[in-house]
Amino acid sequence: MTLPDFDSFLMSWRESVTEGTPTTTELGRRFAQKIVSQWLDAPESGLEIVYCDGAGDGGIDLAVLDVGPEDEAEGQPGHTWYLIQSKHGTAFAGTRTLLVEAQKVIETLDGRRSGLNSMAEGLRERLAVFRSQAGPNDRLIMVFATERALTDDQRVILGDIRTMGREHIGGMFDVEAISVETIYSRLAEETPEVGLRVPLRSHLVPSGTDLLVGSTRLTDLYQFLVDYRDTTGDLDGIYEKNVRRFLGGRGKVNKGMQETLRDAPERFGLYNNGITIVASDWTEADGTVELVAPYIVNGCQTSRTIWEVFHRHYRAGGTGVNPEIEAWKARANDGAVVTKIVKVGSAGEPLLQAITRYTNSQNAVREKDFLALSSDFSGWKQGMAENYDIYLEVQRGGWDSQKALQNANPATRQFERHVNAADLIKVYGAGWFGEVGLAFGKNPPFLPGGSVFKRITALPEDGEDTFGVEDLYACYLLQEAADQLKFGRGGPPARRQSRFIFYMIVITLLKDTLNRAQMSTASRSLSLALAKVLNDEAAKNELITQAVELIEGYFTQGSEDSVHEEPALRNTHFGDLNAFLKAERFGRSRDFTPKLFDALALTQKAMGKSYGGRPSAREVIVEIVKGN
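Residues numbered from 1 in each chain as written. Predicted model: local features only at pLDDT ≥ 70, side-chain atom pairs only at ≥ 80, totals over all residues. Heavy atoms only, no water.

Chemist: Please give an account of the packing of helix α21 (residues 537-554) against helix α25 (residues 617-626) that cites residues and values.
Modeler: Taken N-terminus to C-terminus, the directions of α21 and α25 make an angle of 135°; their axes are 9 Å apart at the nearest point. One element, α21, and the other, α25, form an angle in the oblique class. Between α21 and α25 lies a crossing whose hand is left-handed. Contact residues: A538, A539, E542, L543 and Q546 in α21; A617, V620, I621 and I624 in α25. Of the residues that constitute the contact of α21 with α25, the class distribution is seven nonpolar, one polar and one charged. (Axes fitted to C-alpha atoms, helices over the stretch in contact; angles between N-to-C directions. Helix = DSSP H or I, 4+ residues; strand = E, 2+ residues; numbered from the N terminus. Parallel < 35°, antiparallel > 145°, perpendicular 65-115°, else oblique. Left-handed = near helix turned anticlockwise from the far one by under 90°. Contact = heavy atoms within 4.5 Å. Nonpolar A, V, L, I, M, F, W, Y, C, P; charged D, E, K, R; others polar.)

And the structure:
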């Protein structure tokens, strides 16, 4: 897909933010919420978002808690609080804005700012507890969110803010800048742009015309990462072509590598397999190779761990001298990492993908983890377009780009419907696999490399169909039905926290109906049946009405089968409904949610009854599925 120019993209991106007549506070909230979800490349559901914006917000518009990747066996995740300061349009006045807002946030965290509103005060208390029990990988990051990328002078100010914050908060504090332009650059076919040049000091020798092999001092690799981040404002961009970026690269570090870097940094190269960098071109001079549009395609965990450990030692602030730290720095200066640099040219995407695949083939990355690099996502995208005239957004921000293209080029294909691929994976996981609590509470299990994603895309047994476009389409229709009924944030009370329960109940009722009619309930059969039902008004009404009535009753206090009567809610979660609904066992066993299972049993029975000579809900649905 050819990207539109940035101004056209920005205009399309703003549409959903400015839709209607939002208040100034609501406008800022929408802006922050959208840019953060796209920056983290995650659905809003599964992110813990705390809103503080308005008078007395302490410089924090919203805060997001990211608990890191799911699989601790592959690394040691840290927890990260992102404190977002949203500055869009004329609200951003350059370096003065950065300094003033940063001072507010630091004073809030340090307990020196009074007059906070109740939301900001509650957040400050949570952050105080977080800081008191933070581990070595936990982070507190202030994020400036703007429309356009910061200038070089403004980036210098970020360094001053980082130093100031660490003097008051400690080494866990950091500052980052994101922008709509950041999202835009991630969508480019060459991300970052071909003109980007980043120097790397390294001991390298040529092997043919397109390969450099050698070693890089750990300190030089760290400086390379610092230069990349300072130049682009987005360190994640260097992993854009690496499958491990999708496994939670932002917060994931390796415990064993950390211990080596901490205890014996000079021996790091003996224990590590090294990194592979691809670039469209390079130039060499005086022991430095200047890389054009570099990506790290193997060694994501290695470089991230080096970044984390060295960042704590070199960017912790302080004007004194610590003999232990100085001794560590001297030893670290003798440490190195094996380095390969491959020139792929400006049109080297196939070669880049092959290098990424083969350099990762010796580690824990499995075949299905390469979906983001292979044809599966692009195949799904093409299939949704050709079969259903739906634009499948693979990376968040893609739909805004597509809208800009459609507005600028009326002759191009005009999509009216769109959906995000990651959102549909969560619909499928909650509905077909019953992972309701996980879907409500977490994102990583549903992303490539996550436990639920692996189960969904695993090669099936007994001749069943692999997950594909037909399943995505059924998920799209189910999500559309939930949207129409206002399930989720901002909906009626019973529906605000029950979107994923709705998906599970609809599929459970449909599966029971097919079972009783002795029809197949394999995953693909369920998808095809659901698509037929949701495309027929009468059958859709019978199925959806039953699901909605069940949920309304389940969330009504005082009813016999109410969620408030679930023993686990009272005894295990001590009345915390939000935590109960996010529990992994929710909806998966009668022992944990007996009231929900009782309500399901009653509804399934009711669907077989006919009234006044009319066919039962079960009969209406079966007739449509059979195509009679």
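Having seen the structure, we can now continue with the description.
Chemist: Please give an account of the sheet that holds strand β8 (residues 203-206) that cites residues and values.
Modeler: Spatially, the five strands line up as an open sheet ordered β8-β9-β15-β11-β14, and their pairing is mixed. Sheet topology places β8 and β14 (295-298) at the edges, where each strand pairs with a single neighbour. Direction aside, the axes of adjacent strands within the sheet are offset by 25° on average. Strand direction decides the pairing type here: strand β11 (residues 275-279) and strand β15 (residues 336-343), joined by five bridges, are parallel. Looking across to β15, one finds that I277 is bridged to I341. Across the sheet, helix α7 (residues 218-232) touches β9 (211-217), β11, β14 and β15, and the angle it forms with β9 is around 105°. (Pairing = 2+ DSSP bridges.)

Chemist: Outline the pattern of salt bridges, supporting the account with residue identities and numerical values.
Modeler: For side chains bearing opposite charge, pairing can occur when the charged atoms are close. Taken as a whole and assessed by the stated rule, the structure comprises 34 salt bridges. E101 is paired through a salt bridge with K104; the nearest N and O atoms lie 3.4 Å apart. Taken together, the positions of E101 and K104, both in helix α3 (residues 95-109) and three residues apart, correspond to about one turn of that helix. A relative accessible area of 9% means that E101 is categorised as buried. Residue classification places K104 among the partly exposed positions, given a relative accessible area of 24%. (Salt bridge = Lys/Arg side-chain N within 4 Å of Asp/Glu carboxyl O. Buried < 20%, exposed > 50% of the residue type's maximum accessible area, 1.4 Å probe, protein only.)

Chemist: Outline the sheet that holds strand β2 (residues 62-66), supporting the account with residue identities and numerical values.
Modeler: An order of β1-β2-β4-β5-β6 is seen for the five strands of this open sheet, with the pairing classed as mixed. Each having just a single partner strand, β1 (48-51) and β6 (173-179) make up the two edges of the open sheet. The mean angle between the axes of side-by-side strands here comes to 25°, regardless of whether they run parallel or antiparallel. Contacts from helix α4 (residues 118-132) reach β1, β2, β4 (80-86) and β5 (139-146), with the element oriented near 150° to β4. Each of β5 and β6 touches helix α5 (residues 152-168); the most contacted strand, β6, lies at about 150° to it.

Chemist: Before we move on, can you summarise a negative patch on the surface with the specific residues and values?
Modeler: A surface patch of negative charge is lined by E461, D462, E464 and D465. Along the chain, E461 falls in the loop between α17 (451-457) and α18 (469-484). (Patch = residues over 30% accessible without salt bridge, like charges linked within 9 Å, V, L, I, M, F, W, Y side chains within 5 Å. Areas by Shrake-Rupley, 256 points an atom, 1.4 Å probe, with all protein chains shown as cover. Lys, Arg positive; Asp, Glu negative; His and termini not counted. Charge placed at Lys NZ, Arg CZ, Asp CG, Glu CD.)

Chemist: Can you lay out α7 for me, pointing to particular residues and giving the numbers?
Modeler: The terminal C-alpha atoms of α7, which comprises 15 residues, lie 21 Å apart, in line with the 21 Å expected from a rise of 1.5 Å per residue. Considered for burial, the residues of α7 that qualify are L218, T219, D220, L221, Y222, F224, L225, V226, Y228 and R229. Taken from the residues just after α7, G233 is the one with a positive phi, measuring 80°. (Expected span 1.5 Å × (residues − 1).)

Chemist: Got a sec to walk through α18? Specific residues and values, please.
Modeler: End to end, α18 covers 22 Å across 16 residues, agreeing with the expected 22 Å (1.5 Å per residue, within 8%). Burial analysis of α18 places twelve of its 16 residues in the buried class, which makes it a mostly covered element. Among all positions of α18, only V469, D471, L472, Y473, A474, C475, Y476, L477, L478, Q479, A481 and A482 are buried. Backbone geometry just after α18 places K486 at a positive phi near 60°.

Chemist: Just give me the short version of the packing of aromatic side chains, but keep the residues and values in it.
Modeler: If you walk through the whole model with that rule in mind, you get 21 aromatic pairs. Their ring planes at 15° and their centres at 4.7 Å tell us that Y428 and W432 sit as a pair that is stacked. You'll find Y428 and W432 in the same group, each marked buried. By way of ring pairs, the aromatic residues W380, Y428, W432, F433 and F467 are connected into one cluster. For the cation-ring pair, R495 lies above F487, with the distance from its terminal atom to the ring centre recorded as 5.6 Å. It is K582 that lies over the ring of F440; its NZ or CZ is 5.4 Å from the centre. (Phe/Tyr/Trp six-rings, centres within 6.5 Å; stacked < 30°, edge-to-face > 60°. Lys NZ or Arg CZ within 6 Å of the ring centre and 35° of its normal.)

Scope: geometric values only; no functional claims are made or implied.
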